[in-house]
Amino acid sequence: MAGTTVRRGSGLVEIPGEDEMEFRILGPVQIYDDGVDVSVVPTGAKQRALLGALVVRAGQVVPAERLVDELWAERPPARAANALQAHVARLRRLLPRPAPGSGEPHEWLVTRPLGYVLRLGRAPTDAQRFHRLVAEGRALAAADPGRAVEVLREGLALWRGPALEGCGRGIICSTEAALLEESRLVALETLYDACLRAGLAQEITGELEELTTAHPLRERFYELLMTALYRSGRQAEALGTYERVRRRLVHDLGIEPGPVLRSRMEAILHHGLPAPSPRPAPSPRPAAPGSTVRLLPAAEGRPGPGTGETVRPPGPLHDEIAWLRHRLERLAREQRDLADRLDRLTARDVAGL
């Protein structure tokens, strides 16, 4: 039903219809009226926790006892049931009321014998829209990665901050917030994978750098960053990224990178990935007045035999690759030594039985 304009006091007030409302939890919890572009935000922490829990469990009866735990945890007031009823009454006053004569009223918050239920009707939540857009983007990723990038960015733009921010640490809200955050991170992984498919490697390296800083133990972001750097013609930086995450994992968790990340490093090291996308050649700079131009010796610029490519002198990239190759060989030797020791210990145990 559409919104209706009614007179209240000396002015006109727009009463939104169900299809103009949205309950938002991807950030601070709020009720948004699309008709007049106004957000209703509960001011108190208990009100935010109550609304957040009811939106998360929309369409379900939430027992009063669960809501008491959500609002006060282990320190409920002496008359918790009455205090909860008072908060429910305040929340009802925040919810939009239908205009007189605008049809059968929609009761948003309904009291049941065991608790309360929030009935959304046709009003969606931003979390539902987010999940729908992510599913649509994932379905488009293989056939139309460019369009997938647009859809996924649209879904991620719905986030205004941490999910259910300001709703306290109750079980309902904190559990849902953790699930939504994981969904956001997976959506980001899907987005940047689609960006790579669409040939946007150079455009996303900065964003991926920020994500590896914000989530230093999430290997998938490092894998995507390494691929983006390599396809941007920055092989040494891609290999350096692997070493950075390896040191972090060993220091914080005592483990080496997983097989997927190791495989990506080896593919980059041995040029096993598709060739980097060509980078535009920098425009030549005019020589400063009075300066001299040094010509490279012929050996540094001659084509390699049978390759048609220019031989590159040893430098930082050459040294980095050689160092990483040496380290990879040493790790392989250490792994073989550990396997031999395990075999000897196993044989000794068997002989002692």
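Residues numbered from 1 in each chain as written. Predicted model: local features only at pLDDT ≥ 70, side-chain atom pairs only at ≥ 80, totals over all residues. Heavy atoms only, no water.

J.: Account for the overall build of the protein, naming residues and giving values.
T.: Tallying secondary structure elements over the protein gives twelve helices and eight strands in all. Looking at the protein as a whole, 37% of its 353 residues are labelled buried. On the protein, roughly 20,700 Å² of surface is accessible, and the fraction owed to carbon and sulfur atoms is 54%. (Helix = DSSP H or I, 4+ residues; strand = E, 2+ residues; numbered from the N terminus. Buried < 20%, exposed > 50% of the residue type's maximum accessible area, 1.4 Å probe, protein only. Areas by Shrake-Rupley, 256 points an atom, 1.4 Å probe, with all protein chains shown as cover.)

J.: Run through the pattern of salt bridges, naming residues and quoting values.
T.: Evaluated as defined, the whole model comprises 18 salt bridges. In this structure, the salt-bridge partner of glutamate 209 is arginine 244, at a minimum N-O distance of 3.3 Å. You can see glutamate 209 sitting in helix α7 (residues 201-214) and its partner arginine 244 sitting in helix α9 (residues 235-253), a full 35 residues away along the chain. Judged by its relative accessible area of 29%, glutamate 209 falls in the partly exposed class. Under the relative-accessibility criterion, arginine 244 is labelled partly exposed at 29%. Here aspartate 252 and arginine 248 are joined by a salt bridge, their closest N and O atoms 2.6 Å apart. A residue pair is termed a helical-turn pair when its members lie 3 or 4 positions apart in one helix, as aspartate 252 and arginine 248 do in helix α9 at four residues. Aspartate 252 gets classed as partly exposed once you look at its relative accessible area, which sits at 34%. (Salt bridge = Lys/Arg side-chain N within 4 Å of Asp/Glu carboxyl O.)

J.: Explain the environment of leucine 180 residue by residue, including any values.
T.: Within the secondary structure, leucine 180 sits in helix α6 (residues 171-197). With 50 residues separating them in the primary sequence, leucine 180 and phenylalanine 130 have C-alpha atoms 9.8 Å apart.

J.: Tell me about the pairing of strand β8 (residues 115-118), and please be specific about residues and values.
T.: Summarising the sheet, strand β6 (residues 62-63) and β8 pair through two bridges and their orientation is antiparallel. Opposite proline 63, over in β8, you have glycine 115 as the bridge partner. As judged from the three bridges shared by strand β7 (residues 109-111) and β8, these two strands associate in the antiparallel manner. Bridging from a neighbouring strand, valine 110 pairs with valine 117 of β8. The antiparallel pairing of β7 with β8 creates a hairpin that spans three residues between the two strands. (Pairing = 2+ DSSP bridges.)

J.: Let's hear about the packing of aromatic side chains: which residues, and what values?
T.: This structure, assessed with the given rule, holds two aromatic pairs. Centroid distance phenylalanine 130 to tryptophan 159: 5.7 Å. Interplanar angle 80 degrees. Geometry classified as edge-to-face. Taken together, the residues span a long stretch of sequence, with phenylalanine 130 in helix α4 (residues 126-140) and tryptophan 159 in the loop between α5 (145-156) and α6 at a distance of 29 residues. For tryptophan 159, a relative accessible area of 13% corresponds to the buried category. Directly above the aromatic system of tyrosine 32 lies the positively charged group of arginine 24, at a separation of 3.9 Å from the ring centroid. (Phe/Tyr/Trp six-rings, centres within 6.5 Å; stacked < 30°, edge-to-face > 60°. Lys NZ or Arg CZ within 6 Å of the ring centre and 35° of its normal.)

J.: Help me get a handle on helix α10 (residues 259-269), residues and values and all.
T.: Along α10, the residues that are buried comprise Leu261, Met265, Ala267, Ile268 and Leu269. Looking one or two places after α10, you find histidine 271, whose phi comes out positive at around 55 degrees.

J.: Could you give me a rundown of the sheet that holds strand β3 (residues 21-24), with the residues and numbers involved?
T.: If you trace the three strands from one edge of the open sheet to the other, you get β3-β4-β5, paired in antiparallel fashion. The open sheet is flanked by β3 and β5 (38-40), the only strands paired with a single partner. Taking each pair of neighbouring strands and ignoring which way they run, the sheet shows an average axis angle of 25 degrees. Two strands pair when backbone bridges link them, and β3 and strand β4 (residues 30-33) are joined in this way by four bridges, in the antiparallel orientation. The residue bridging phenylalanine 23 from the neighbouring strand is isoleucine 31, located in β4. (Axes fitted to C-alpha atoms, helices over the stretch in contact; angles between N-to-C directions.)

J.: Lay out the confidence of the model for the protein in plain terms, naming residues and giving numbers.
T.: For the protein, the average pLDDT comes to 79, and 69% of its residues sit at 70 or higher. Throughout residues 275-316 the model reports pLDDT below 50, and contacts reaching past four residues in sequence, or to other chains, amount to 25 contacts. (pLDDT = per-residue confidence, 0-100. Contact = heavy atoms within 4.5 Å.)

J.: Explain the pairing of β3 residue by residue, including any values.
T.: Taking every second residue as pointing to the same face, both faces of β3 are buried, with Met21 and Phe23 on one and Glu22 and Arg24 on the other. If you look at the hairpin formed by β3 and β4, you'll find five residues sitting between the two strands, and glycine 27 has a positive phi there, around 135 degrees.

J.: I'd love a proper account of the environment of alanine 141, names of residues and values included.
T.: Of note, alanine 141 is situated in the loop between α4 and α5. On a C-alpha basis, the gap between alanine 141 and aspartate 193 in space is 8.3 Å, while along the polypeptide they are 52 residues apart. Leaving out residues up to four positions away in the same chain, alanine 141 has contacts with Ala148 and Arg197.

J.: Just give me the short version of the sheet that holds β6, but keep the residues and values in it.
T.: The strand order β6-β8-β7 describes an open sheet built from three strands, whose pairing is antiparallel. Looking at which strands have only one partner, the edges of the open sheet turn out to be β6 and β7.

J.: Describe the side chain of glutamate 223, with residues and values.
T.: With respect to the helices, strands and loops of the structure, glutamate 223 is situated in helix α8 (residues 219-231). When neighbours within four sequence positions are excluded, glutamate 223 is seen to be in contact with Val260, Leu261 and Arg264.

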